[in-house]
Amino acid sequence: VTEHAIAHGLRALRCGELSTLMITSSPALLAMTDRVVVLDEGRIVGEGRHDQLGVRDTTYRTAVLR
């Protein structure tokens, strides 16, 4: 419940031209983002939306949807 409240608050604060960098493995927060970048040992191994990555990226599923 708290993560959902934070996610909705962040989305409201980010309106307009603002960009926000967030490092998280929270599915609630990741679902609210426009773009997710997946890192594995410091390298970018995937990129997309939360729903897309949950289907097609094993590294993402392991880290976020375990």
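Refer to the structure printed above.
From a predicted model like this one, the values you see are computed outputs, not experimental measurements.

Conventions adopted
Residues numbered from 1 in each chain as written. Predicted model: local features only at pLDDT ≥ 70, side-chain atom pairs only at ≥ 80, totals over all residues. Heavy atoms only, no water. Patch = residues over 30% accessible without salt bridge, like charges linked within 9 Å, V, L, I, M, F, W, Y side chains within 5 Å. Areas by Shrake-Rupley, 256 points an atom, 1.4 Å probe, with all protein chains shown as cover. Salt bridge = Lys/Arg side-chain N within 4 Å of Asp/Glu carboxyl O. Helix = DSSP H or I, 4+ residues; strand = E, 2+ residues; numbered from the N terminus. Core = buried A, V, L, I, M, F, W, Y, C linked by side-chain atoms within 4.5 Å. Buried < 20%, exposed > 50% of the residue type's maximum accessible area, 1.4 Å probe, protein only. Contact = heavy atoms within 4.5 Å. Pairing = 2+ DSSP bridges. Lys, Arg positive; Asp, Glu negative; His and termini not counted. Polar contact = N/O pair within 3.5 Å; in protein donor to acceptor, adjacent residues only side chain to side chain.

Novice: Can you walk me through a nonpolar patch on the surface in this structure?
Specialist: Residues Val37, Leu39 and Ile44 make up a contiguous nonpolar surface patch of about 290 Å² in total accessible area. Its place among the elements puts Ile44 in strand β2 (residues 43–48).

Novice: Teacher, can you tell me more about the environment of Gly16 here?
Specialist: For Gly16, the location among the structural elements is in the loop between α1 (2–13) and α2 (27–31). With 45 residues separating them along the chain, Gly16 and Arg61 place their C-alpha atoms 31 Å apart.

Novice: Looking at this model, I keep getting lost on the nonpolar core. Mind explaining?
Specialist: Most often, soluble globular proteins have nonpolar side chains that are buried together. Of all hydrophobic cores here, the largest spans six residues; its members are Leu30, Val36, Val38, Leu53, Tyr60 and Val64. Elements that contribute at least two residues to this core include exactly β1 (36–40) and α4 (58–64). Leave out the neighbours within four places in its chain, and Val36 touches Leu30, Gly46, Glu47, Gly48, His50, Leu53 and Tyr60.

Novice: What should I look at first to understand the pairing of β1 in this one?
Specialist: Both faces of the sheet carry side chains from a regular strand, because those side chains alternate between them. Of the pairings in the sheet, the one linking β1 to β2 comprises five bridges and is antiparallel in character. Residue pairing in the sheet places Val36 in a bridge with Gly48 of β2. Connecting the antiparallel pair β1 and β2 is a turn made up of two residues, with Glu41 showing a positive phi of about 55 degrees.

Novice: Would you explain the side chain of Asp57 in this entry?
Specialist: Inspection of the secondary structure puts Asp57 in the loop between α3 (50–56) and α4. Buried within the structure, Asp57 lacks any salt-bridge partner; its nearest side chain of opposite charge belongs to Arg56, at an N-O separation of 5.9 Å. Among the polar contacts listed, one links the side chain of Asp57 to the backbone nitrogen of Thr59, at a separation of 3.0 Å. Look past the residues within four positions of Asp57 in its chain and what remains in contact with it is Val38, Val45 and Gly46.

Geometry only, nothing functional implied.
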